[in-house]
Amino acid sequence: MQRKWWLLAAGVAFLGLLVMLEPILMPFFIGMILAYLGDPLADWLEDKGLSRHLAVTLVFSVLSVVLLIALLVLVPLLGRQLAQLISFMPVVFNWIRETVLPEIQSFTGLDFSADFDQVRSLLLGNWKETGTFAAALLGTVSKSGLAMAIWLGNLALIPVVTFYLLLDWDRMKEKLQGLLPRHMEPTATRLAHDCDEVLGAFLRGQLLVMLSLGIVYAIGLAIIGLKFALLIGLVAGLASIVPYLGVIVGILIAATVAFFQFGEWWALLAVGGVFALGQLLEGVVLQPLLLGDKIGLHPVAVIFAVMAGGQLFGFTGILLALPVAAVIMVLLRYLHDRYKNSTLYDQQRDSRPAVAADQPVPPAAEDTQ
């Protein structure tokens, strides 16, 4: 009992230390996530005959080039589409003001025109001032040389931490496994394997599913000529971390844009066809290929974990939300199994029913007699 109290105190102290160090932990946690994602590919290259150092260098170089190309291509496109979206929003607000609000008033007798005008003025005013606000924020940050140096230093640390963690990933796992008490090592290893299954399903499989769906949605919407296709595809792909949320959000946004852009029913049908194709590919190809039969987190658990992590630890908490939730889920399943197999759940589990004299002896008992 005293040892358990010491372990609890150590856990509380560790959490307190994380809270105090939260401002500097971001690059280390991002590096850990990237190293975890790249380790299977490095192991595969090692199996093909490459040394660990060469395999890690190759994986790191490929990931860096892909990320750099994606940023150079996507950032300018997203910037242009965001600017077009800001200029497009007054048209939507005017249609709501002139068409939707009168219909609501005719059905309910309530007039929301004044409130809507205030909301529209607030939103449009903030969007128009976005560039000014960003410039002012950049000027404020640039005036503080120390803050800028810390920010750039944290950003530069991410690839360094990722490379060295990826290089020593297997070695660190072996050392941690060797430090476990021998009587706990089999159970801890099994739990770690279960955690890896869940984390792999989300951090590898689900992220690839989200990326693939975002690409499919963006290409499909661009083929039908819809504005903001890349932006809508990106939003729908990111929202796909929760099952069915991505397709719901994507259809609502894309259908709204198609209604104002084309004003024809065929455009809405085309949008529905694009997202139906994405769901078909997800169910037939992406989910079986990338996730297999691995069990991921429940959608409600995903939403709660991300929100709780952001509330408690900011951006670092968002990064840690899914890994911590996966570990907690595995531990809860383990405790659930232990409870169902314990006498606390069933006090008669270990008791043997007495055999009456006038009853036949079971076959197993006859063999022992």
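Residues numbered from 1 in each chain as written. Predicted model: local features only at pLDDT ≥ 70, side-chain atom pairs only at ≥ 80, totals over all residues. Heavy atoms only, no water.

(A) Expanded view of the overall build of the protein chain. Helix and strand content of the protein chain: 12 helices and 0 strands. Element order for the protein chain, N to C, with α for helix and β for strand: α-α-α-α-α-α-α-α-α-α-α-α. Classification of the 369 residues of the protein chain by burial places 26% in the buried group. In the protein chain, of all internal contacts separated by at least 6 residues, the share reaching a separation of at least 24 is 70%. Carbon together with sulfur atoms contributes 71% to the accessible area of the protein chain, which is approximately 24500 Å² in total. (Helix = DSSP H or I, 4+ residues; strand = E, 2+ residues; numbered from the N terminus. Buried < 20%, exposed > 50% of the residue type's maximum accessible area, 1.4 Å probe, protein only. Contact = heavy atoms within 4.5 Å. Areas by Shrake-Rupley, 256 points an atom, 1.4 Å probe, with all protein chains shown as cover.)

(B) Here's a closer look at the packing of aromatic side chains. Evaluation of the coordinates by the stated rule reveals 6 aromatic pairs. Look at Phe60 and Phe163: their rings are 5.6 Å apart centre to centre, the planes differ by 80°, and that puts the pair in the edge-to-face class. Taken as a pair, Phe60 in helix α2 (residues 52-108) and Phe163 in helix α5 (residues 145-167) lie far apart in primary sequence, 103 residues in all. Phe60 gets classed as partly exposed once you look at its relative accessible area, which sits at 22%. Here the aromatic rings of Tyr217 and Phe275 are separated by 4.5 Å at their centres, their planes lie at 35°, and the arrangement is tilted. You can see Tyr217 sitting in helix α7 (residues 185-223) and its partner Phe275 sitting in helix α10 (residues 265-291), a full 58 residues away along the chain. Overall, Phe275 belongs to the buried group, its relative accessible area being 0%. A connected cluster of aromatic rings, assembled from ring pairs, spans Phe60, Phe163 and Tyr164. (Phe/Tyr/Trp six-rings, centres within 6.5 Å; stacked < 30°, edge-to-face > 60°.)

(C) Structural context of the nonpolar core. Formed by 24 residues in total, the largest nonpolar core has its most connected members in Tyr217, Leu221, Leu226, Ile232, Ala254, Val271 and Phe275. Contributions of two or more residues to this core are made by α2, α7, α8 (229-239), α9 (245-261) and α10. Top contributing element to this core by residue count: α10, with 6 residues. If we ignore the near neighbours within four places in the chain, the residues touching Ala254 are Leu221, Leu226, Ile232, Val271 and Phe275. (Core = buried A, V, L, I, M, F, W, Y, C linked by side-chain atoms within 4.5 Å.)

(D) Region of the structure containing α2. Spanning 57 residues, α2 covers only 69 Å between terminal C-alpha atoms, well under the ideal 84 Å at 1.5 Å per step. A bend of about 35° at Ile96 is the largest found in α2. For α2, the full list of buried residues reads Arg52, Ala55, Val56, Val59, Leu78, Gln81, Phe88, Met89, Val92, Phe93 and Leu101. Looking one or two residues past α2, Gly109 carries a phi angle of roughly 80°, positive in sign. (Expected span 1.5 Å × (residues − 1). Bend = angle between axes of the 7 residues up to and from the residue.)

(E) Seen up close, unusual backbone geometry. Even without a glycine there, the phi angle at Phe228 is positive, about 60°. Mapped onto the elements of the fold, Phe228 is located in the loop between α7 and α8.

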